Structures are given as C-alpha cells and as structure tokens.
Amino acid sequence: MGRVILILLLPLLVGCQQNAETTTEKLSATRLLSSIDQQGFSRADKARAFIFPQDHAAHPEYRNEWWYFTGNLQDQSGQRFGYQVTFFRFALKPPGKKPARSRWSNNQLWMAHAAVTDPEGGRHFKQEKLTREGPGLAGSDARPFRVWVEDWQLQQSQQGFPWTIRINADQFSIELEVEPTIGLIRQGDKGLSQKSAAVGNASYYYSYPRLRSSGEITINEKRYQVTGNSWFDREWGTSALSSEQTGWDWFSLQFNSGENLMFYHLRNQQGEADPFSAGTRIDKDATTKRLTLSDIEVTPLTWWQSPSGKRYPVEWEMKLKQENRTLQIKSILAGQEMDLSVRYWEGAVDIYEQGRSIGSGFLEMTGY
Amino acid sequence: MVGSRLWRAGLRHQRLHGWQTVLAILGIALGVAVVMAVGLANQSASRAFEITMQQVSGRVTHQILAGPAGLPEQLYTDLRLQHPELTTAPVVEGVVRIRNEQFTLLGLDPLSEQPFRSLTALPAPDILTRLLTQENALLLSTYTAKRLGLESGNQITLDVAGVPRQAQIIALFGDQQGAALDGVLVADIAAAQTLLGQFGTLDRIDLTLRQEQIRPLQEWLPKGLHLVETSQRTAAMANMSQAFQTNLSAMSLLALLVGGFLIYNTATFSVLQRRRQFGIMRLIGATRSEVFRVILIEQMVIGLIGTMIGLGIGILLARELLWLVTRTINDLYYSITITQLDLSPAMLLTGTALGLITTLLASAAPAWEATRARPQSVNRRSVIEQQSHRALPWLLLIGLAVMAGGLLLADNSGRSLLLGFAALFCFIMGYCLLVPAVVPLLSRLFLYPVQGLFGTIGRLASRGIDATLSRTGPAISALTLAIAATIGMGIMVDSFRTSVGQWLSQTIQGDIYISVPHSSSKRASSPLPEELPAAILKVDGVREISTGRHVTVESESGPVNLLAIGLATTSYRGFKFKGDTLKNLWADFSSGNLILVSEPYAYHNQLKVGDAVTLLTPDGKKPFTIGGIFFDYGSDRGLLVMPRAHYAQRWQDTRITTIGIYLKQDATLDAVLTEVKKLAGRSAQQLSVRANKEILKQSLEIFDRTFTITQVLRLLVIAVAFVGILSAMMAMQLERAKEHAILRATGLTPRQLLGQITLQTLLMGLMAALLAIPLGWLMAEILIHVINLRSFGWSMPSQLSPSILMEAMLFALIASLLAGLYPSLRMARTQPALALREE
C-alpha cells in the first residue's frame, strides 16, 4: 500500500514551521520528497521471505515504513467508535557504515497519528507525535516486538499475541489488545506491492486483515469498554509515487460474512484511476485473491467540504465486476479529516448492499 | 519694552564674551558626552544581553540543570516517555571560537523547538534536512555573517578548546539589521555533540511549565538535578555585570558634575559681569522675575547647545567605549557579542534632560543672586565682596554638614551600591562648598612667601584672590573637584593593581602551570589529557605537582565557580585568609569536611567562617562548612575551593584542568619548561604551558585591560576638568580687564601685569591642587572601601601613590598657566585707555 509515502516527508516541512499552513507549502512536500536522495537506500525490487519477529521491527535500510491500525469498535451499550493508530518511520539518510557517536544523529524520524471517532456525538479526535529516534525517544525492537513514539506504543505479549496498543492523547486515550482471527496476508506478489512501473517503486506489504480487539477508549475522561475488529497494515520501502500519480483512495473492508477486501485506487492528475491500482480479497479461511483495476470500479457519490476548505468524497459506490455486486460505502461521520502536519481523510465507514448493512471498514483519502 | 532690552543686552554680552560662551558650551558638551557615551555603551550591552537571552531562552520558563558533568541524555528520553504532557526541548551548549572571537554553539533539536524558539524555522525544507543530517552544519545570524564576511555555504574552522574542527554554514537566519543573536551559532543537537565531542550528555533541558506542573516534576527529578526558573537565572546573570555597569555610570556622572560646575562658573561670571547692567535695568523698570528669567533662559540656551553637541560627541564616543565595555564583560562575566549601538530614544532623552537639569541647577543660583540685590547697591563691587565674605561661615557650615551627611550615609547604607554613590557625591559636594571658605585662609598663608619672592606683584596676586572671592571661590572649587576626581580614581586603580599584583605573586606558588587555553563548555574548563600528570612527574627536576579542576556547580543562589585542588606541600602558602579561620583548617580541609570561599563570595552571600554553603551534588543538596575566607581578586562572582580528591569522589569527575609544577631546588626553570612543553606538544589539544612570571605578567595585562575603560573615563574627566579650569580662569581674568587697565594706567608694565596675572592663576591652581589632595584621597577611600566593596566584594588597602599626587599637581599648574596666558597676553597688548573705555 502506497499510502503516506507523501505524508512521511511532510512533517519535515510543516512540523517545524508554524506558518506552513497553506496548500502550496504543503504541496511542496512532493518536491521535498524528490529532493531527498533515494540513493544508498535498499529498494523493494523483488519478493522476499518474511522472517518474524525480525520483520515486525524496523528496516532502517529502507527509507520509509509504517505500522497501521484501523478498526471499528463498540461498547456494551452498542455505541460505535472508529479508531486509527499509526506509527511511521522515515529515514533522512541511509545508515552509515559505522554508527555515529552521537545518538541523536541516527537520521530516523518517527511520527505517530492517533484518532478516535464518536459518530453519535459527531466528534472526531486526532493527535500527532513527531520525534527523531534520538536516544530512545522512538524506535522498534524485534524481541520482544515493540514499536514506540515516546509514550505511545505497540507491544507484543510474552506469548506473542495479543499485541497491546497504548495511546495517551490530550483528549482521548486508546488501550487495546488485538489478536488476529485471520493469519498474516502477503499483499501484492508474495508481499511485494508494485506502485508504479519503475523497478523498485514498490514496497513490502503484509497485513492482518482481521484482529479481534478489546479494551478501553477514553474520551474527555469518560471511559468506554469496547470490543470489535481491527485491521493491521505493515509496509516498508524506498519508493515514491510517480509524477503522474496525485493521490489515492484506500479501502479496507470487513464484511459481516467474515470476508475482507482491500483496494487502493491510485488517481492521476486527471482524476482517473491509475493502472497500478490494486487490491486483495481475503476469505474467512485466509485464502486470497489479487484484484486489479479491471475487477473493481469505485465512484464518488457524496462530497463533504472540510473546515480547511478541502472536498472529500465521503460516500462511494464500489462495483465488484466479477460478482456483479454494487456496494455503497458511507462514512460513519463526514468530519474525519486528519488535519495534522499532513492533511488527509481517514475514517470509519459502513458497507451497504441494496440498503442493507453488510459490514464496516476504513477509508483513507489523500491528494484532495 | 524693558524685557526686549534685557534680551538684546544678553545677546550682546554673549557676543562680546564669545570665548566664555564657547568654553561653557564645550564644558557641558563634554560632560553630557561622557555620560551619554557610557550610558549608551552600557545600555547597548544590557540590551544585547537581553535580546540574546530572549532569543536563546525563547518561551522557556524553566530549565533542568545538573552538575559540571551535564545531564545524561537518557534523562530526556525518560522525561518524554514518562511525562509526555510537558513541553520540553533538549539543549547542548558550548563555547567555540572563530578567528579568535568567542561564540556560543547552541545545539538544538529542531523537532522539539517549535514551542520555544524560532531559530530553526527555515525557509527551505532541504536546509532542515541538511541541518538534521550533516554532522557539521551550522546556522549563523545574517548580521554576524555579514560582520565576519561569511556567506551561506562557506566552510569555517572552529576552534573547540584548542582543537580545530571544520564546519559549514548551511543557512543564515534573521535580517541584516538585527544584531540579535550576534555571537550565537545554531546547530542540530547531534552536530553540536559531535563538534564539541560531548556525547551522551545534554547541558540542560528547556521547559515551558504551568504552575501546577512544577511540583510533580520536582518530585520526579532524580537527585543531583535542579529545576530552575529561567527568569531568575537570566536575572542572576544580568546582575553579574550590574555592579560594573553601575560603576561606569557613576564615574560618567562625575564628568557631568565637573561639567555642571563649569556651567555654574560661567553663569556666575556672566551674571557678575553684568550686575551693574542688571541694576540699571531694574532701575528703569525691569522686574526681578524678568531679570531672573532672562538669565536663566540665556544659560539654558547655552546648556541646550552644549547638550546637543554633547549628544553627538557622546554617540561617537560610545562606539569606542562599546567594545571596551564588551571586552570587560567578556573578560569578567559572561560571553556576549555586542557590535551594535542601541540608540534608544529614552537614553537620548535622559542625556538631554541631564544636561539641561545640570544647566538649570548651575545657573539658578547666580540668576537668583543677580535679582536678589537691591538695584541701588548692585553696581558697587565692595557690596558683592562683602556679601561673599559674609556668606563664608555659612558655606563652611553647610559644606561640613553635607560632608558629614555623606560620611554618615556611607556608614549607614548597608550594602547598597547606589546609596554608596549618593554618599560619595554628597561628600564631594560638601567639600566643594567648603572650599571658598578656606581660600582666604590659604591666600593669607601664601601672602608672605609670595610677597617675599615677587614683591608687590606677588602681594597683588595673592591679595587679589581673597579680594575677589566671589569669582575666585567657585573657580577654585571647580578646579579642586576636577583635580580630586583624577586623584581619587587614580589612587583607586593604583591600589587595586598593587593588591592584585601582591595577591597574584602569593597565589602563584608553582613554577610552571599547564592549562587548556579556553574551554568548550560553559560548565567546566577543558580537561587536560589524563596521562599528563604522571608523565610530568617523571620529568627531571620536577619535585611535585598540584592539580586543579575548575567547574561551575549549582548552589542555592545559582551557579558558582568551584576550584577543586590537589595541593602540593607548599600550595598552602598561596592562600591568605581574611580574619580568622576554623581550627585545624588544613587537616579538616584535606579530609573533605570544609570548603574555602573567596571574599567576594562571602560578601555577596553574607557568609562568615563556620556558615554552610549548600551545593547541588549528584547525591542531592549537601551543605559544606566554610573553613576560611580567602582573598581572591580573580573573580568578583566568587570562588569556592575544595580538595580535588573529595570533589572527584562526590561529583564522579577525576579530570583535571590545571597542573602546577614545583621544581627541585637545583633544577633550572628553562630546562624543565622545555621538557614540559615537549610533553604538552604531543597532545592533540593545544595546551598552554607558562612559567609563573609569565602568568603574573599576563594576569596584570588582563587587569590593565579590564581597567582600560576606567582609565579612559579618568582621562575624560580630566579633559572636562581641563576645559573647566581654562574657562574659569580665563573668564575671571578677562572679566577683570578693567582692573588690569587701571593697574596698567597706574604704572604697571605689560611684563609686570603678565607676571601678576600668571602668578595669580598659578596660585589658584596651587591652592586647588592642595585642596584637591585631601578630597581626592578621601574619594579614593570611599571608592575603595565603600564602592568597590559593595560592587565586587573586594577589600584592599589603599595606597597613596606620590606619583599620582605629583601628576595632579602638575596638571593643575599647567592648566592654570595656560589659562592665565591668553588673558594676560591680551591685557598686556591692550591700551589701558581702551580697556577702561569699554566700560
């Protein structure tokens, strides 16, 4: 999944500048991305075997990397919540041959985004943390597996699973234990996900498409005991979008039937679908089927304008051509824009077929 | 009608007495110039400090500090992970040199900086990436870059504690005009650690705390760490140089005081010369207040012109003084770069106001006097002189009372520096009032010797001084003040220098000393190579060594310098104690139970032997008992001394900063010096190896350097005084033109007249010099025992140096001789009839 490649460099621009709020300045991040030399980094140019738990931890020889949780939860009274927890790693420079003596000069930046959506209350909370790796301010370990950005962290238990996510933000907190009910899925070609025609413009990509989740969410000091399903995406590489690609719409859908679907819809400058758009269908039993642009067609139905002035399609029609099914995908709350140092839309959605709710999922939209 | 006549008469008078007017203007101009120059230089220094602190501290409310070793960077990580709610930023800070100029290297984490400072807000994102990734990337203020002729992209060599390191300026910040942050280099924290070779530690953590966050943080902090309020710390730093700056201001006021006397003199003469004219004006209808107003306004115009010229000269002079002030502050207090003069309107207004107020005060008395007399009697000279003589007992009484008041104030104003200066000024003013009362006495005393030597001319000259006391009195007062000021300041500096010299030769007991020329850390001086002491002990001719470690530790009253010494057997002689010490001092000292404190530290913190000083050690706060208070002129901030073994154990710091080498009796200094220099040359670091004579010489050079500004001020006061004497004497003699004409008419030859005038001015100069000696000496006593003590905490014996007295005497006589020359030549050349007709 190519998401947040663009995002990753933005904090460099915006995180350190108070006035970099205008669109033009944000857009220059793409220029920044291309200004950073990809040379010296490893490239995702061929499929590889994943080894765990090592591959759960960071790969500093690649330029960027992330650990991405999204999910739909509800409490005992049936109140709905959506949540997102993401850890990003970004290398400013390939690791040197011998380690620098200053622990601050490891050239790794870490960013974490967390959000909680309360559709009933019409509220969406979000927060960001950005730090360099420095002397242990952020990082990852393989044994035991752990990723942290300051006090926000993801940690495995002694037995491996469940993993624990712990986020303490100003207005909300998330504490969840997650355990996969469907095993690890290699996306793309055995885990190599091609993003454009150039060799190496790809990433290593695997997912846990369905994790049983339970724990506690706190919003403004009010606690909710919650259960539900999460989706975990894990991706690293050194690629960038090609110059024609402007953004994407990324769907991760969990059907009540137990099936799951991931599809990323890359858009070009004309707003048309890029041929490298792709996805995966995952059955209950973890059998997968790769999807291409010829299998799926998505069309925006309803647009919403954010306070920042951006317009996002918050309701979509998705045609599964082979099965001849038409789904409606609606956000549970229009206002789920992540207006942080990088601006994008990421939110919980419900899936409808012929007016009937058949599942829920998450949608990410960038480049609007 | 009468009013306009008064104005015209005034104008005509000034035109006719152009010389007098010019000298009055010059006097006030010089006085104002000196005050302005010092004021502007001081203000610029304070302003630069303030701006630098503002930009460097940003919105930081608190700082976490540790001992000389700095704080472990892991602590920052712990703080971020355990107290994510706090706004924090790590800071590495060091001192580096570019082309021998000192710079503060500020190592920041741009990602944590946003809430605090805008230093790392950069125009182009790729610059930020370079800042974060390039190990020697620096940011420099545009102003500094322009000053040094550097551009973005330039490679520069940094001198880091004697080790050269290459760095690159990757971008400039700020605009060209703002001198703010001149002298600061900004780098990424990783680059700063790499350049300074300081890995694993930070110098401080900056925080922005809300009130309720303070206590939990204090409780969380491990022992040995200190949470301090930034404003307090900044204020404490600003305070360090406060006494020095107050001293400069006070000395500049002395120049103004002399200038004020000058105005008083000129105004008095100008009024005296026209008493008859004013009398006539009064007779034809001018009211008292009209006359008063005319005189006052006339003098105020002179004052205004003088003040304006003074402002101009002051600004020019300030540019010269600024670097002297900067150098002294850098030598004595903290590192700061000031290259821009801060011409604040407030300062310019203050200068103008001071000039005008001085003029007003100085001319009010004569103006009032001119209007007080009854019109019928004003034109009779004898009346004036009778009045002046009748006033003498009163002047004497008031003078004595004011002097006594000054002394009382000095004695009872505790530690206040400002009141100390007030007492000094009271004393001076009182003495000046008293002078005219002593003049008749002196003139009678001189009468016989002078008559014996020069006959009638001598008699005329001497009697004339007493006979025209209304004019000679103020002139001699002004002269006395001017000469006394130079004597007082001279004695003070001289005594100081003598004390420092004696102290140095006693303190420097070793034969050779090794140290690192400058430190890259603000907390500790740079350490010497570890293996050096052992190697030196092996050198032929070395008997033993002493070792020292200079660091800054945190005390309850802020940072304090600590010297941890490993004493050689004879090092003890280097300490001279003030008053008593505790019993078994050295035995208890070496066991680590006691510390020694320097006199300034004891004075400023009001400590005595037996009291305790609480220091922040890695194990938390610990009290140390003071075993003795030693004389130390090295720093007015104070110094603590403890055994090195004890320090090394407590602070876990075994490094050393200086080595003192003591030679065997038969060893030759040069041979050992050569050998030690060879040893030191092997170090990658540049080390300084100096024989004690050289240190003595260099230390006194530094002393002289820091006192350059005092000497410059003294010279300025002398310049003002010189103009004062010149103008007073000249005015007086010119005013007596008629008298001289009569003398000529009654048979005095031009040569005799010349002799008489010269003799009279010389006599006045002599009287002033004689009267100035006690005043100057007393001023010096007050300067040394009140002002110096209160400013810096140093006590020292005063030294009455004959050369300074001779200098002052010579100066007074030359000035009066020159002053008498012009009027006497003029009178000698004028036809008596012409001079008489002028009336």
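Criteria and cut-off values
- Residues numbered from 1 in each chain as written.
- Chains lettered and ligands numbered in written order.
- Predicted model: local features only at pLDDT ≥ 70, side-chain atom pairs only at ≥ 80, totals over all residues.
- UniProt positions renumbered as here; feature names shortened; annotations may be inferred.
- Helix = DSSP H or I, 4+ residues; strand = E, 2+ residues; numbered from the N terminus.
- Buried ≥ 20, exposed ≤ 12 C-beta atoms within 10 Å, placed from the backbone.
- Domains from an automatic or database assignment.
- Nonpolar A, V, L, I, M, F, W, Y, C, P; charged D, E, K, R; others polar.
- Axes fitted to C-alpha atoms, helices over the stretch in contact; angles between N-to-C directions.
- Parallel < 35°, antiparallel > 145°, perpendicular 65-115°, else oblique.
- Left-handed = near helix turned anticlockwise from the far one by under 90°.
- Pairing = 2+ DSSP bridges.
- Contact = placed C-beta atoms within 7 Å.
- pLDDT = per-residue confidence, 0-100.
- Core = buried A, V, L, I, M, F, W, Y, C linked by C-beta atoms within 7 Å.

The name recorded for chain B in an unreviewed UniProt entry is FtsX-like permease family protein, from Sedimenticola thiotaurini. Recorded under Subcellular location (unreviewed entry), the UniProt text for chain B is reproduced unchanged: "Cell membrane". The UniProt entry for chain B carries the following text under Sequence similarities (unreviewed entry): "Belongs to the ABC-4 integral membrane protein family. LolC/E subfamily."

Looking at an unreviewed UniProt entry, one finds chain A named Carotenoid 1,2-hydratase, with Sedimenticola thiotaurini as its source organism.

1. Section: the overall build of chain B
Each helix and strand in chain B was counted, giving 26 helices and 20 strands. Counting only C-alpha atoms and orienting by the principal axes, one finds that chain B spans roughly 95 × 65 × 45 Å. A buried classification covers 49% of the 839 residues belonging to chain B.

2. Brief notes about the domain arrangement of chain B
Residue and element names in this part refer to chain B. Looking at chain B, the domain boundaries give domain 1 (1-61 + 230-379), domain 2 (71-202) and domain 3 (517-686). Look at where the C-alpha atoms of domain 2 and domain 3 centre, and you get two points 32 Å apart. Per-element accounting of the side of domain 2 that touches domain 3 gives the leading share, five residues, to strand β3 (residues 87-98). Broken down by class, the residue content of the side of domain 2 that touches domain 3 amounts to six nonpolar, two polar and two charged.

3. Observations concerning the UniProt feature "transmembrane region" (unreviewed entry) in chain B
All names here are of chain B. Mapped onto this numbering, the UniProt entry gives "transmembrane region" (unreviewed entry) at residues 21-41, 250-272, 292-318, 391-410, 417-439, 712-732, 753-780 and 800-822. Helix makes up 100% of residues 753-780 and strand 0%, with an end-to-end C-alpha separation of 39 Å. The distance from the first to the last C-alpha atom of residues 800-822 is 35 Å, and the span holds 91% helix and 0% strand.

4. Regarding the packing of helix α16 (residues 469-507) of chain B against helix α24 (residues 750-792) of chain B
All names here are of chain B. The interhelical angle for the contact between α16 and α24, taken along N-to-C directions, is 40°, at an axis separation of 6 Å. Judged by the angle between their axes, α16 and α24 are oblique. Helix-helix and strand crossings are classified by hand; for α16 and α24 the assignment is right-handed.

5. Let's talk about the UniProt feature "domain: AttH" (unreviewed entry) in chain A
The sites that UniProt annotates as "domain: AttH" (unreviewed entry) are residues 65-238 of chain A. Between the end C-alpha atoms of residues 65-238 of chain A there is a gap of 9 Å, over a span that is 0% helix and 66% strand.

6. With respect to unusual backbone geometry
Going from Phe52 of chain A to Pro53 of chain A, the amide bond is cis rather than trans, its omega being 10°. Here Pro53 of chain A is to be found in the loop between α2 (23-35) and β1 (64-75). Along the chain, Phe161 of chain A connects to Pro162 of chain A via a cis peptide bond; the corresponding omega equals 0°. By the secondary structure assignment, Pro162 of chain A is in strand β8 (residues 160-168). The backbone phi angle of Arg99 of chain B is positive, close to 45°, even though this residue is not glycine. Counting through the fold element by element, Arg99 of chain B comes out in the loop between β3 and β4 (101-108). The exposure class assigned to Arg99 of chain B is exposed, which follows from the 8 C-beta atoms found within 10 Å. The backbone of Gln606 of chain B shows a phi angle near 50°, a positive value even though the residue is not glycine.

7. Notes on the pairing of strand β18 (residues 296-305) of chain A
All names here are of chain A. Both β18 and strand β19 (residues 311-320) contribute to a ladder of nine bridges, which runs antiparallel. Bridge pairing links Trp304 to Tyr312 in β19. Between β18 and β19, which pair antiparallel one after the other, the connecting turn spans five residues, and Gly309 there sits at a positive phi close to 100°.

8. Description of the packing of helix α2 (residues 18-57) of chain B against helix α12 (residues 288-332) of chain B
Packing of α2 of chain B against α12 of chain B leaves a shortest axis separation of 4 Å and a crossing angle of 35°. The two elements α2 of chain B and α12 of chain B meet at a crossing, and its hand is right-handed.

9. Some points on the environment of Ala772 of chain B
All names here are of chain B. As for its placement among the helices and strands, Ala772 is situated in helix α24. Using a count of 30 C-beta atoms within 10 Å as the deciding quantity, one classes Ala772 as buried. When the C-alpha atoms of Ala772 and Ala808 are compared, they prove to be 8.7 Å apart, with 36 residues separating the residues in sequence. For Ala772, the residues in contact, after removing those within four places along its chain, are Thr480, Ile483, Ala484, Ile487 and Ala808.

10. Overview of the confidence of the model for chain B
Confidence along chain B averages 83 in pLDDT terms, with 93% of residues attaining 70 or more. Across the assembled chains, the prediction reports ipTM 0.88 with pTM 0.77.

11. So, the nonpolar core
In terms of nonpolar packing, the biggest core is built from 171 residues, with Val258 and Ile483 of chain B touching the most fellow members. Counting residues per element, this core draws most heavily on helix α15 (residues 417-467) of chain B, which supplies 22 residues. Of the domains in this structure, domain 1 (1-61 + 230-379) and domain 3 (517-686) of chain B are the two that each give at least three residues to this core. When near neighbours in sequence (up to four residues on either side) are disregarded, Ile483 of chain B contacts Ala721, Ala768, Ala769, Ala772, Gly776, Ala808, Phe811 and Ala812 of chain B. Core analysis: the next-biggest nonpolar cluster, separate from the first, contains 86 residues, Tyr62, Ala112, Ala202 and Leu253 of chain A among them.

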